[in-house]
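So the chains spell out like this:
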Amino acid sequence: MIAIDLGSNTLRVVEFDCVRKRATAAYEKIVKTADKLASTGVIDHTAVDRVIYAIKEAQHQIDFDGQKVVAVTTEALRQAKNREEVIARIFKETGVRFEIIDGEEEARLTLLAVGERLKKLHHSAASFVLVDIGGGSTEIIVHYPNETISQSFPVGIVTIAQRYGTLAEIAQALPEEMLSMQKFCAEIHATRGEVGAFVATAGTPTTVAAMKLGQTYATYDAAKINGTSLQKEELDLYLKKLLSMPFEAREETVGTGRSDLIAAGILIFKQLYDIVGFDRCIVVDDGLREGVALDDCDG
């Protein structure tokens, strides 16, 4: 089967073997779905063009014929006033129909994928907090052995990067922008207790992990990323390293058009360490698209 996740910045596709519960092919493309959304309230037609082109490219690289396709989309389309027109146009031109899922479902599916990966990594923590830093929103999922509490917050790397002009302005604004996350985590920990580990997924954590391992966007290897440990203080190191690179080197390292977004994402990521109360984080590449696949296979 084919699972597709259209996020606020990236289109991610996976071909999944339900019997072996593993990916057999994958595709990813930066499409900047949420570009201009903060100022206009709509998905720009040029962004839709990029999404359509990416889906067609994925269909060329991965044979969709005869396979079930499950496609979901998240915060950018949740916010967009023209969401129905966008979904209709994409379906008309590609045959792929997207379902807009809410933050709770996004969190459930992401947790499903991350939990499966942690089992394969033999991760021992019975409880953990998972953060999914997206382009338009961040999900915080607090998982205990017998209970999971999650919430989606409209703070993402695209929306924050476009709302503030410089990294200094972003850094100054983030404590207020992320105050609701702080309150959420504080209440959960006060009423249900601390958790044993901090886990992060999505583009910013995986990109920083890739930099740590000496990978570039072109040489990115998810199998090596999974389970990578990142200390909070390392984020300053890799942000400084990223900003010191010539523009062409930054683009090669983190992907075309991503360097400003990843820089903003690192500031969000660093703030999250303080919010969840950890100095160390485990990075997992698996996310929503893998969760969609696993859910459909189990269903």
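Residues numbered from 1 in each chain as written. Predicted model: local features only at pLDDT ≥ 70, side-chain atom pairs only at ≥ 80, totals over all residues. Heavy atoms only, no water.

A.B. asks: Please explain helix H5 (residues 103-120) as it appears in this structure.
C.D. replies: Given 3.6 residues per turn, any residue in an α-helix points the same way as the ones three and four places further on. Helix length check: H5, at 18 residues, gives a terminal C-alpha distance of 26 Å against a target of 26 Å (1.5 Å per residue), a fit within 8%. Those residues of H5 that are buried lie in contact with helix H3 (75-79), strand S6 (128-133), strand S7 (138-144), strand S8 (147-153), strand S9 (198-201) and helix H14 (288-298). Among the residues of H5, the N-terminal cap falls to Asp102, whose side-chain oxygen and the backbone nitrogen of Glu104 are separated by 3.2 Å. His122 sits one or two residues past H5 and shows a positive phi near 60 degrees. (Helix = DSSP H or I, 4+ residues; strand = E, 2+ residues; numbered from the N terminus. Expected span 1.5 Å × (residues − 1). Contact = heavy atoms within 4.5 Å. Polar contact = N/O pair within 3.5 Å; in protein donor to acceptor, adjacent residues only side chain to side chain.)

A.B. asks: Is there a simple way to explain the pattern of salt bridges in this structure?
C.D. replies: Proximity of charged atoms lets side chains of opposite charge pair with each other. Scanning all chains against the criterion turns up 20 salt bridges. For Arg78, the salt bridge is made with Glu75, and the minimal N-O distance between the two is 2.8 Å. Of this pair, Arg78 and Glu75 both sit in helix H3, separated by 3 residues, roughly a single helical turn. In this pair, the class of Arg78 matches that of Glu75, namely buried. Measuring nitrogen to oxygen at the nearest pair gives 2.5 Å for the salt bridge that ties Asp274 to Lys232. Taken as a pair, Asp274 in helix H13 (residues 259-276) and Lys232 in helix H11 (residues 232-244) lie far apart in primary sequence, 42 residues in all. (Salt bridge = Lys/Arg side-chain N within 4 Å of Asp/Glu carboxyl O. Buried < 20%, exposed > 50% of the residue type's maximum accessible area, 1.4 Å probe, protein only.)

A.B. asks: How do you make sense of the state of the cysteines when you look at a structure like this?
C.D. replies: Disulfide: a covalent bond connecting the sulfur atoms of a pair of cysteines. Summed over the entire model, instances satisfying the criterion amount to 1 disulfide. Covalent S-S linkage joins Cys18 and Cys297, the inter-sulfur distance amounting to 1.8 Å. The sign of the S-S torsion, about -65 degrees, decides the handedness of the disulfide formed by Cys18 and Cys297: left-handed. Residue Cys18 is found in the loop between strand S2 (10-17) and strand S3 (22-30), and its partner Cys297 is found in helix H14; the two are separated by 279 residues along the sequence. Distance from the sulfur of Cys185, which forms no disulfide, to the nearest cysteine sulfur (Cys281) is 13 Å. Since its relative accessible area comes to 1%, Cys185 is described here as buried. (Disulfide = S-S within 2.5 Å.)

A.B. asks: What is the right way to look at the sheet that holds S6 in this model?
C.D. replies: The strands making up a sheet are joined through hydrogen bonds of the backbone, oriented either antiparallel or parallel. Read from one edge to the other, the open sheet built from 6 strands follows the order S8-S7-S6-S9-S11-S10, with strand pairing classed as mixed. Both outer strands of the open sheet, S8 and strand S10 (228-231), are each paired with one neighbouring strand and no more. On average, each strand axis in the sheet is tilted by 25 degrees relative to the strand beside it, whichever way the strands run. Docked against the sheet, helix H9 (residues 203-212) engages S6, S9, S10 and strand S11 (280-283), running at close to 95 degrees with respect to S10. (Pairing = 2+ DSSP bridges. Axes fitted to C-alpha atoms, helices over the stretch in contact; angles between N-to-C directions.)

A.B. asks: Help me understand the sheet that holds strand S5 (residues 98-100), please; the structure alone is not making it clear to me.
C.D. replies: Across the sheet, 5 strands lie side by side as S3-S2-S1-S4-S5; this open sheet has mixed pairing. One side of each edge strand has no neighbouring strand; the edge strands of this open sheet are S3 and S5. Going across the sheet, the axis of each strand differs from the next one's by a mean of 20 degrees, ignoring polarity. Judged from the 8 bridges that link them, S2 and S3 form a sheet pairing that is antiparallel. Bridging across to S3, Val13 finds its partner in Tyr27. Where H14 meets the sheet, it contacts strand S1 (2-6), S2, S3 and strand S4 (69-73), and its direction lies at approximately 35 degrees from that of S2.

A.B. asks: What's the story with the packing of H11 against H13 in this structure? I'm lost.
C.D. replies: For any two helices packed against each other, the geometry comes down to the angle between their axes and how far apart the axes lie. Put simply, H11 and H13 touch, their axes get as near as 10 Å, and they point 165 degrees apart. It follows that H11 is roughly antiparallel to H13 by the angle criterion. Relative to H13, the crossing made by H11 is left-handed. Across the interface between the two elements, Lys232, Leu235, Asp236, Leu239, Leu242 and Leu243 from H11 touch Ser259, Ile262, Ala263, Ile266, Leu267, Phe269, Lys270, Tyr273 and Asp274 from H13. When grouped by side-chain class, the residues that make up the contact of H11 with H13 number 10 nonpolar, 1 polar and 4 charged. (Parallel < 35°, antiparallel > 145°, perpendicular 65-115°, else oblique. Left-handed = near helix turned anticlockwise from the far one by under 90°. Nonpolar A, V, L, I, M, F, W, Y, C, P; charged D, E, K, R; others polar.)

So yeah, pure geometry; function would need other evidence.
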